[in-house]
Amino acid sequence: MHFKTICSALAAGLMLLVGTQAFAQIAVGGGYLNATEKAKVGGVSSSLDLNGVYAGASVNFSLDAFVDGLGVAPGAYLDLLFGKQDDGWKHRDISLQVPVNFNYGYELTDDFKVFGFAGPILHLGLIKKESYKANGGTTTYNYYNDDYAKDLGRFNLLLGFGAGIEVSEMFQVVVGFDFGLLNMDGDSGYTYRRPTQIKIGVNYLL
């Protein structure tokens, strides 16, 4: 399915939900992010480990009218990732993630709830560069620049899921796992994926 078609379908669904639900809860948060990227060309595979942080917000719309404890939470998060290889290459990856998570919560006490969530994540790459310093100069590759053969597509679709706890209807601690579904290669003819992401964070409920 074309990326724009996916976006249009999600947007239409969200508009319907917003129009039919009166209660919405805003969550602002962030935390630690780890991503693994893998490339394969000519039968040779390579892997890159990136670490960094993420921050953003989501709006949870209650679906109690259908199932008590059910909700859907569209959001927007900025991911900042960095990595360094043994040969001296440094990597920088900044992207926008737009998750649409369906979630279900269960109250164990009045002040303590556990919940799980899952849903698609739209990925938009903003900056992706690698650089190497040698002989007093710096060589830089911009993966979103058409001048380079390793040009990558900016868009990806991930499937995410996770779980968390909520305390006093004010704070959440969450752990999430994301799996990349698409090949992000631009036009160089090789396979490039972000197969996994791990997120550990804290949300504050407004």
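This text follows the structure it describes.
All values reported here derive from a predicted model rather than from experimental measurement.

A. Representation of the nonpolar core within the structure. Core analysis: the largest hydrophobic core is formed by ten residues, namely Leu 33, Ala 35, Leu 48, Leu 50, Tyr 54, Tyr 77, Leu 81, Phe 115, Phe 117 and Val 174. When residues of this core are traced back to their parent elements, those giving at least two are strand E1 (24-41), strand E2 (44-62), strand E3 (70-84) and strand E5 (112-134). No other element matches the three residues that E2 contributes to this core. Once residues within four sequence positions are removed from consideration, Ala 35 is found in contact with Leu 48, Asp 49, Leu 50, Leu 81, Arg 194, Thr 196 and Gln 197. Counting residues in each nonpolar core, the second largest holds seven residues, with Ala 39, Tyr 144, Leu 152 and Met 184 among its members.

B. Local environment of unusual backbone geometry. A positive phi angle, close to 55°, is found at Ser 168, a residue other than glycine. Structurally, Ser 168 is set in the loop between strand E7 (155-167) and strand E8 (171-180). Unlike most non-glycine residues, Glu 169 shows phi in positive territory, near 55°. Relative to the elements of secondary structure, Glu 169 occurs in the loop between E7 and E8.

C. Representation of the side chain of His 91. In this fold, His 91 is placed in strand E4 (residues 90-109). Owing to a relative accessible area of 11%, His 91 belongs among the buried residues under this scheme. Here the side chain of His 91 touches Gln 85 through a polar contact of 2.8 Å, side chain to side chain.

D. Structural detail: the pattern of salt bridges. For the coordinates displayed, the defined rule picks out six salt bridges. Note that Asp 93 is salt-bridged to Lys 128, the shortest N-O span being 2.7 Å. Remark: Lys 128 occurs in strand E5 and Asp 93 occurs in strand E4; sequence separation between them is 35 residues. Classification of Asp 93 by relative accessible area gives buried; the value is 3%. Here Lys 128 falls in the buried class, since its relative accessible area comes to 7%. A salt bridge links Lys 113 to Glu 166, with the nearest nitrogen and oxygen atoms 3.7 Å apart. Here Lys 113, found in strand E5, pairs with Glu 166, found in strand E7; they are 53 residues apart in sequence, far enough to count as distant. Overall, Lys 113 belongs to the partly exposed group, its relative accessible area being 24%.

Conventions and cut-offs
Residues numbered from 1 in each chain as written. Predicted model: local features only at pLDDT ≥ 70, side-chain atom pairs only at ≥ 80, totals over all residues. Heavy atoms only, no water. Core = buried A, V, L, I, M, F, W, Y, C linked by side-chain atoms within 4.5 Å. Buried < 20%, exposed > 50% of the residue type's maximum accessible area, 1.4 Å probe, protein only. Helix = DSSP H or I, 4+ residues; strand = E, 2+ residues; numbered from the N terminus. Contact = heavy atoms within 4.5 Å. Polar contact = N/O pair within 3.5 Å; in protein donor to acceptor, adjacent residues only side chain to side chain. Salt bridge = Lys/Arg side-chain N within 4 Å of Asp/Glu carboxyl O.

In short, the description is geometric, and any link to function would need to be established separately.
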